[in-house]
Amino acid sequence: MKQASTLFLKATLFVMGGLVLAFCIFAVPAISSGVGVEWPELAYLKYPILIAGYLTAIPFFIALYQAFKLLSYIDKNTAFSVASVKALKYIKYCGIAMSILYFAGMPILFQIADADDAPGLVLIGLALATAPLVVAVFAAVLQKLLQNAIDIKSENELTV
Amino acid sequence: MRRGSIIFLKAVTVLIGIVALAAMIRFPLTEGRAVNLDLFSIYSDPFILYGYAASIPFFIGLYQVFKLLGYIGENKVFSPSSARALRIIKYCAITQSVLIVIAALYIMMFHAKGDDPAGAIAMAIVATFISIVIATAASVFERILQKQL
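Here the residue numbering is sequential within each chain, running from 1 through the sequence in written order. Chain letters and ligand numbers both follow the written order, the letters beginning at A and the numbers at 1. Totals for whole chains, interfaces and linings use all residues, but because this is a predicted model, local features are given only for residues with pLDDT of at least 70 and pairs of side-chain atoms are given and counted only at 80 or more.

Thoughts on the overall build of chain A
Stage number 1. Under the scheme used here, helices are H or I runs from DSSP no shorter than 4 residues and strands are E runs no shorter than 2 residues, and both carry numbers assigned from the N terminus. A tally of helices and strands in chain A yields four helices and zero strands.
Stage number 2. Reading chain A from its N end, one meets helices and strands in the order α-α-α-α.
Stage number 3. Since a compact globule built from 160 residues should have a radius of gyration of about 15 Å, the 20 Å found for chain A marks it as more spread out than a globular shape.
Stage number 4. With the C-alpha coordinates of chain A rotated into their principal frame, the extents come out at 75 × 25 × 25 Å. Throughout, the radius of gyration refers to the C-alpha atoms, and the reference size of a globule is 2.2 Å times the residue count to the power 0.38.

Right under this line is the structure:
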């Protein structure tokens with residue numbers, strides 16, 4: 001049962017990774033060249049979109065890999081170990097990096113939203129930029145909890 | 001630092017709840033058929049009422065997340081009460097996925113002729129999937145916690 005649930009979560013990570021990979025391969029180049037076709041005055045955004053799109057994918061995949069490792073630790077019953085604290089730390093940094101990159105990319109989105117007359121786009125962008133931050137904070141809390149649990153455990157072992 | 005992050009996560013939880021509630025109240029008013037109806041008939045549509053009923057597990061789950069964050073803040077994560085909160089989250093997520101599947105089946109069977117509900121069904125599939133993922137994650141967390149108690 002336990003194996004099955006972590007296996008399912010691992011499969012979910014693969015699905016997420018596959019979707020983002022497909023997005024990177026097909027959608028990002030299409031968007032970056034499509035913006036210039038739709039609004040010729042925004043053609044200069046072609047490379048910024050391309051770079052921003054691929055740059056944000058890097059921390060995402062690192063975080064995904066760390067989450068995968070974390071699930072493996074849970075499988076092996078070594079969730080309360082220094083290694084999983086480290087994985088959570090990496091997830092935290094990746095979430096922060098993604099959030100910073102998204103917020104840095106907001107000016108691009110502003111111009112597209114302006115050209116498309118779709119202010120909702122900015123709102124969606126803000127939500128997308130905040131989501132990694134939420135993940136990062138959650139990872140930070142988990143990291144703290146885990147660290148405390150490990151500290152208490154080693155203390156107990158020392159006293160006994 | 002810890003207190004700040006807990007408050008941040010609590011704020012996000014509340015924000016999600018408010019946005020969901022606002023969307024649920026607003027959405028029926030924007031549908032095409034609502035133009036010719038008075039307020040009461042808009043909201044007394046059986047499917048919309050079902051939507052409100054089906055959102056109950058979502059809000060219960062959200063409330064349990066809020067409570068869980070409170071336990072973390074009070075340094076009481078490794079307690080039976082937080083294991084209980086996780087268990088309730090798990091059951092809520094399972095119920096939610098079943099309720100969404102029922103709604104999707106209803107749309108599939110009774111949608112208007114010539115109306116293509118592909119988008120609604122796709123959204124239902126994604127939402128069901130997310131609920132199941134949440135249920136699984138909650139059960140994994142619960143088991144880890146239980147082992148530590």
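Continuing now.
Remarks on the overall build of chain B
Stage number 1. Across its full length, chain B carries six helices and zero strands.
Stage number 2. Put simply, chain B runs from its N terminus to its C terminus through helices and strands in the order α-α-α-α-α-α.
Stage number 3. Referenced to the eigenvectors of the C-alpha coordinate spread, the extents of chain B come out at roughly 55 × 25 × 20 Å.
Stage number 4. Exposure classes come from backbone-placed C-beta atoms, where a residue is buried if 20 or more other C-beta atoms lie within 10 Å of its own, exposed if 12 or fewer do, and partly exposed in between. Expressed as a percentage of its 149 residues, the buried residues of chain B come to 20%.

Section: the interface of chain B and chain A
Stage number 1. Taken residue by residue, the interface counts 16 residues in chain B and 16 residues in chain A.
Stage number 2. For the side of chain B that touches chain A, the secondary structure elements donating two or more residues are helix 1 (2-30) and helix 6 (118-148) of chain B.
Stage number 3. If one sorts the elements of the side of chain B that touches chain A by residue count, helix 6 of chain B sits on top with eight residues.
Stage number 4. Residue composition of the side of chain B that touches chain A, grouped by class: ten nonpolar, four polar and two charged. Any two residues are considered in contact once their C-beta atoms, placed from the backbone, lie within 7 Å. Amino acids outside the nonpolar list (Ala, Val, Leu, Ile, Met, Phe, Trp, Tyr, Cys, Pro) and the charged list (Asp, Glu, Lys, Arg) are all regarded as polar, and Gly is one of them.

Observations concerning the confidence of the model for chain A
Stage number 1. Note: pLDDT gives the predictor's confidence per residue, expressed from 0 to 100. Of all residues in chain A, 98% have pLDDT values of 70 or greater, and the mean over the chain is 87.
Stage number 2. When mean pLDDT is taken per element in chain A, helix 2 (residues 46-75) of chain A scores highest with 91 and helix 4 (residues 120-159) of chain A scores lowest with 86.

Looking at helix 5 (residues 80-110) of chain B
Residues and elements named next belong to chain B.
Stage number 1. By this rule the span expected of a helix is its residue count minus one, scaled by 1.5 Å. Between its terminal C-alpha atoms helix 5 stretches 45 Å, which fits the 45 Å expected from 31 residues at 1.5 Å a residue.
Stage number 2. Along helix 5, the positions that sit buried rather than exposed are Ser82, Ala83, Ala85, Leu86, Ile89, Lys90, Cys92, Ala93, Gln96, Ser97, Leu99 and Ile100.
Stage number 3. Taken together, the buried residues of helix 5 touch helix 3 (46-54), helix 4 (56-73) and helix 6.

Quick notes on the packing of helix 1 of chain B against helix 4 of chain B
All names here are of chain B.
Stage number 1. Angles shown run from 0 to 180 degrees and are taken between the N-to-C directions of axes, each axis being a line fitted to C-alpha atoms and, for helices, limited to the stretch in contact. Between helix 1 and helix 4, the least distance of the axes is 10 Å, while the angle of their chain directions is 170°. Accordingly, the angle class assigned to the pair helix 1 and helix 4 is roughly antiparallel. Two secondary-structure elements touch here, helix 1 through Arg3, Ile6, Leu9, Lys10, Thr13, Ile16, Gly17 and Ala20 and helix 4 through Phe58, Phe59, Leu62, Val65, Phe66, Leu69, Ile72 and Gly73.
Stage number 2. Tallied by class, residues from the contact of helix 1 with helix 4 come to eleven nonpolar, three polar and two charged. Here the word oblique covers every angle except those under 35 degrees (roughly parallel), over 145 (roughly antiparallel) and from 65 to 115 (roughly perpendicular).

Overview of the environment of Asn148 of chain A
Residues and elements named next belong to chain A.
Stage number 1. Mapping Asn148 onto the fold places it in helix 4.
Stage number 2. Judged by local crowding, Asn148 falls into the partly exposed class, with 14 C-beta atoms found within 10 Å.
Stage number 3. Linking Asn148 and Tyr90, residues 58 residues apart in sequence, is a C-alpha distance of 18 Å.

A look at the confidence of the model for chain B
Residue and element names in this part refer to chain B.
Stage number 1. Overall, the prediction assigns chain B a mean pLDDT of 87, with 95% of residues at 70 or greater.
Stage number 2. Between the elements of chain B, mean pLDDT differs from a low of 75, seen in helix 2 (residues 39-43), to a high of 93, seen in helix 4.
Stage number 3. Per the prediction output, this complex has pTM 0.82; the corresponding ipTM is 0.76.

Observations concerning the nonpolar core
Stage number 1. In this structure, Ile91 of chain A together with Leu86, Ile89 and Ala138 of chain B are the most contacted members of the largest nonpolar core, which totals 34 residues.
Stage number 2. Among all residues touching Leu86 of chain B, those that are not within four sequence positions of it are Leu68, Ala138, Phe141, Glu142 and Leu145 of chain B. Each nonpolar core comprises buried Ala, Val, Leu, Ile, Met, Phe, Trp, Tyr and Cys residues, the members being joined through C-beta atoms within 7 Å.

Topic: unusual backbone geometry
Stage number 1. One non-glycine residue, Asn77 of chain A, lies in positive phi territory at about 65°.
Stage number 2. Position of Asn77 of chain A relative to the elements: it lies in the loop between helix 2 and helix 3 (82-116).

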